[in-house]
Amino acid sequence: AKKPGQTISKGHKNYDLMLNLQLGIRYSIGKPGSMQPRELRPADFDPMEKFWTRFPPEGSKITPPHRSVEFRWKDYCPMVFRHLRKLFSVDPAVYMVAICGNGALRELSSPGKSGSFFFLTQDDRFIIKTVKKSEVKVLIRMLPSYYRHVCQYENSLVTRFYGVHCVKSNGGQKVRFIVMGNLFCSEYHIHRRFDLKGSSHGRTTDKVEREIDETTTLKDLDLNFVFHLQTSWYMELLVQVKLDCEFLEKEGIMDYSLLVGVHFCDDISASKMCPSPFFALPKLYDQKETFKWGDIWSDLCFSSSTCQDMDQILDTWKSLIRLGVNLPARAEHITGTESEPPFLVGGGGMSTPTGSGKLHDVLLYFGIIDILQGYDITKKLEHAYKSLQVDPNSISAVDPKLYSRRFQDFISRIFMEDT
Ligand code: ATP
Ligand code: CA
Ligand code: CA
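Residues numbered from 1 in each chain as written. Chains lettered and ligands numbered in written order. Predicted model: local features only at pLDDT ≥ 70, side-chain atom pairs only at ≥ 80, totals over all residues.

A. Structural context of the overall build of the protein chain. Along the backbone of the protein chain there are 11 helices and 16 strands. Across the 419 residues in the protein chain, those meeting the buried criterion constitute 38%. Look at the contacts in the protein chain between residues 6 or more apart in sequence, and 72% of them connect residues 24 or more apart. (Helix = DSSP H or I, 4+ residues; strand = E, 2+ residues; numbered from the N terminus. Buried ≥ 20, exposed ≤ 12 C-beta atoms within 10 Å, placed from the backbone. Contact = placed C-beta atoms within 7 Å.)

Below is the structure:
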């Protein structure tokens, strides 16, 4: 299968940046002493300036010669990230080869609105995202509690961060970036991906139906089915989402998403008959047989005022199919790898609304991404401005408490307990 993204080769606008960050990472991971394990100290969480390193083209005592202009390199809290990589079972050698090994990174065509660049490593395991100064600040500020959180909850869904760095070339701007885990690193093809926030305003893909394919990031309003989980998984998922949201809320974070990737085991989306299953499938069945959200959820009670917003959305979802997912107790059952946390991968089935038709097995990949946005002045202004035009509850930019409540509420609705 064709790998996503465009290879960054010579002449690409980010070619030098890629070389710099490869040199930087190789230096950071490979330098003498970087392998010696030791306990973390409070000072390790302090992003001290002393981690700037000069990379002259001719090389230095500690850096290799290279072909781009001189640049400086900064490692933020390297000891903490070394511990985090260990916690997430990322072997230093594998990490270094994935990012710096022979061959180039691939650039994903700007998936977000923020203007960030996204690079994917050769092996698909890691995503490198350029971030704003404010996002680095947020990450460094939350690092002690992030560390505590991911240590305490091995099934946490929040983004796995493996490193934060900054490159400044002579005469150039500072470029800050994070290295994180790719949620969709899998031997299984991801047929559909959804970026879900629980808000409705502007939450559709800007692509028209025939352009939609597996690389399209679909959004809340594009979701026209529900994920069916066995009870124990449903409960476990909601508890973990709650814990993660409480953590993000405490850190004053908002605007994050649940990123969901769906793999159809019987590969129905590859079938010529049905190139766009999510949009074509409902039409295959008699409309009368189609589930309505009201039927599915009637016995659940919604009380918070933020629900009004989603109720309106649900009304607009006409035809629905049910996606039944029976997640295994452990991800290893599916993937055979022990490092994969159970929540990132699951297997199960998708059935027709009546439950009588054929059953489609699916695997789900998901996690909470884009967790470095605080409710800052820009977001407050965005809220104030958009509130003049649309229902304030439908806007993505709301304060972290409301955001977290609306997010959890949404997740409890798109996943359904299998009874
Ligand atoms: P915005 O702030 O406008 O939402 P952004 O530039 O901050 O955008 P993100 O929301 O972090 O970007 O990511 C944009 C898209 O990139 C996601 O919807 C998803 O498709 C992809 N993506 C981001 N992080 C990951 C990840 N860890 N694994 C897989 N895909 C990811
Ligand atoms: Ca986002
Ligand atoms: Ca963002």
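B. Representation of the sheet that holds strand β4 (residues 106–108) within the structure. Pairing in this open sheet of 8 strands is antiparallel, and the strands run β1-β4-β5-β6-β8-β7-β3-β2 from one edge to the other. Edge positions in the sheet fall to β1 (6–7) and β2 (52–55), since each of these pairs with one other strand and no more. As judged from the 3 bridges shared by β4 and strand β5 (residues 118–120), these two strands associate in the antiparallel manner. Looking at β5, one finds that E107 is bridged to F119. Its contacts with the sheet put helix α2 (residues 78–87) on β3 (71–75) and β7 (161–169), and the angle it makes with β7 is roughly 140°. (Pairing = 2+ DSSP bridges. Axes fitted to C-alpha atoms, helices over the stretch in contact; angles between N-to-C directions.)

C. Highlighting the packing of α2 against helix α4 (residues 133–152). Their axes nearest at 11 Å, the elements α2 and α4 cross at an angle of 15°. If you check the angle between α2 and α4, you find them roughly parallel. In this structure, α2 meets α4 at a crossing whose hand is left-handed. Contacts from V80, L84 and L87 of α2 reach α4 at L143, Y147, V150 and C151. (Parallel < 35°, antiparallel > 145°, perpendicular 65-115°, else oblique. Left-handed = near helix turned anticlockwise from the far one by under 90°.)

D. Layout of helix α1 (residues 15–30). For α1, which comprises 16 residues, the first-to-last C-alpha distance of 22 Å matches the rise-based estimate of 22 Å (1.5 Å per residue) to within 8%. Buried within α1 are the following residues: L17, M18, N20, L21, L23, G24, I25, S28 and I29. (Expected span 1.5 Å × (residues − 1).)

E. How the structure looks around the domain arrangement of the protein chain. Assigned domains of the protein chain: these are domain 1 (6–181) and domain 2 (192–418). On the domain 2 side, the residues contacting the 17 residues of domain 1 number 19 residues. Residue contributions to the side of domain 1 that touches domain 2 peak at 7 residues, all from α4. In terms of residue class, the side of domain 1 that touches domain 2 is built from 8 nonpolar, 7 polar and 2 charged. (Domains from an automatic or database assignment. Nonpolar A, V, L, I, M, F, W, Y, C, P; charged D, E, K, R; others polar.)

F. Spotlight on the nonpolar core. Judged by nonpolar contacts, the single largest core of 88 residues is most densely connected at I128, L139, V260, L364, F366 and I371. Considering every element that reaches this core, the biggest residue donor is α4, with 8 residues. Looking at this core, you find at least three residues from each of domain 1 (6–181) and domain 2 (192–418). (Core = buried A, V, L, I, M, F, W, Y, C linked by C-beta atoms within 7 Å.)

G. Structural view of the environment of D244. When you line up the elements, D244 lands in helix α5 (residues 231–250). Distance from D244 to F407, taken between C-alpha atoms, is 11 Å for residues 163 residues apart in sequence. Every residue in contact with D244, bar those within four places of it in the chain, is listed here: S156, L157, V158 and I368.

H. Region of the structure containing unusual backbone geometry. The backbone of C77 sits at a positive phi, close to 45°, despite the residue not being glycine. Within the fold, C77 resides in the loop between β3 and α2. Phi is positive for D255, which is not a glycine, with a value near 75°. Turning to its location among the elements, D255 is positioned in the loop between α5 and β12 (257–264).

I. How the structure looks around the packing of α1 against helix α3 (residues 92–100). At a minimum axis separation of 9 Å, α1 and α3 run at an interaxial angle of 170°. Regarding the angle of α1 to α3, the classification is roughly antiparallel. Along the contact surface, α1 presents Q22, I25, R26, I29 and G30, while α3 presents P92, Y95, M96, I99 and C100. Residue classes in the contact of α1 with α3 are distributed as 7 nonpolar, 2 polar and 1 charged.

J. Spatial organisation of the confidence of the model for the protein chain. Confidence in the prediction for the protein chain averages 76 pLDDT; 74% of positions are at 70 or higher. Overall fold confidence (pTM) sits at 0.81, and the ipTM for the predicted complex is 0.99. (pLDDT = per-residue confidence, 0-100.)

K. Inspection of the environment of I8 at higher detail. Mapping I8 onto the fold places it in the loop between β1 and α1. When the C-alpha positions of I8 and V241 are compared, they lie 36 Å apart, and in sequence the two are 233 residues distant. Other than its neighbours up to four places away in sequence, I8 contacts N14, Y15, M18, A104, L105, R106 and E107.

L. Region of interest: the environment of W73. Here W73 shows up in strand β3. What makes W73 buried here is the crowd of 22 C-beta atoms within 10 Å. In this structure, the C-alpha to C-alpha distance between W73 and K168, residues 95 residues apart in sequence, is 6.6 Å. In this view, W73 contacts G24, Y27, T53, F55, H165 and V167; residues no more than four positions away in its chain are not counted.

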